[in-house]
Amino acid sequence: MVYLFLADGFETIEALTPIDMLRRADIPVTTVSVTGNIVVTSAHNVPVKADALFDEVSFSDAQMLVLPGGMPGTTNLAKSEPLMKLIGKAATQGLWIAAICAAPTILCGLGLLDGKKATVYPGFETAFPQVVFTGASVEQTGNIITGKGPGCSHLFAAHMISVLKNKQLSDSILSAMQF
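Residues numbered from 1 in each chain as written. Predicted model: local features only at pLDDT ≥ 70, side-chain atom pairs only at ≥ 80, totals over all residues. Heavy atoms only, no water.

1. Some thoughts on the pairing of strand β10 (residues 138-141)
Relative to strand β11 (residues 144-147), β10 is paired through four bridges, and the arrangement is antiparallel. When the sheet's bridge partners are listed, Val 138 is paired in β11 with Gly 147. In this antiparallel pair of consecutive strands, β10 and β11, the connection spans two residues, and Gly 142 shows a positive phi of 60 degrees. (Pairing = 2+ DSSP bridges. Helix = DSSP H or I, 4+ residues; strand = E, 2+ residues; numbered from the N terminus.)

So, in structure tokens, the structure goes:
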């Protein structure tokens, strides 16, 4: 199961594109609100009804945790102490963690990317000199996948499909979508 976390101010395409593409690949995705409200509003005023509230989910079947970026969505995700604890636990268990745009800064703040390669929305890298930012559209280091920004959402989602299923399926979905 993939869990994608939503907080008010998330970047719309960075949440909805991975949800769409993962579901096309028959990978179960549950959207989880960390706000306490089932409806979460994106940075561009798109209301999205989450599948569940954080407190309603056990996460015992998690294969991957996904953090869309956007502002103030990233800041709001980082304020969720239960989510930060879950990410730390997932990292120690070797579960997949994926973050895009500004959201990799959450992983930086937790020390999960120290000395490792990552990518992030331009401008955010200066606050984390201990991370090796490559500027790539998508970067994978161990069990962590990072994406650069909204325009890389398809490639970010495709990479998640590649690691959870296979690259052939990922490529076929991109092709069918005329990417």
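2. Comments concerning the packing of helix α5 (residues 153-164) against helix α6 (residues 167-176)
For the pair α5 and α6, interaxial distance at closest approach is 7 Å and the crossing angle is 150 degrees. In terms of orientation, α5 lies roughly antiparallel with respect to α6. In this structure, α5 meets α6 at a crossing whose hand is right-handed. Two secondary-structure elements touch here, α5 through His 154, Ala 158, His 159, Ile 161 and Ser 162 and α6 through Lys 167, Leu 169, Ser 170, Ile 173 and Leu 174. Taken together, the residues of the contact of α5 with α6 sort by class into five nonpolar, four polar and one charged. (Axes fitted to C-alpha atoms, helices over the stretch in contact; angles between N-to-C directions. Parallel < 35°, antiparallel > 145°, perpendicular 65-115°, else oblique. Left-handed = near helix turned anticlockwise from the far one by under 90°. Contact = heavy atoms within 4.5 Å. Nonpolar A, V, L, I, M, F, W, Y, C, P; charged D, E, K, R; others polar.)

3. So, the packing of aromatic side chains
Taken as a whole and judged by the stated rule, the model has five aromatic pairs. With a centroid separation of 4.9 Å and an interplanar angle of 75 degrees, the aromatic rings of Tyr 3 and Phe 59 are classed as edge-to-face. Pair noted here: Tyr 3 is in strand β1 (residues 2-6) and Phe 59 is in the loop between β5 (52-53) and β6 (64-67), with a separation of 56 residues, a long-range link. Here the aromatic rings of Phe 54 and Phe 59 are separated by 4.9 Å at their centres, their planes lie at 45 degrees, and the arrangement is tilted. Taking relative accessible area as the criterion, Phe 59 reaches 9% and is therefore assigned buried. By the ring-pair criterion, three or more aromatic residues cluster together here, those being Tyr 3, Phe 5, Phe 54 and Phe 59. (Phe/Tyr/Trp six-rings, centres within 6.5 Å; stacked < 30°, edge-to-face > 60°. Buried < 20%, exposed > 50% of the residue type's maximum accessible area, 1.4 Å probe, protein only.)

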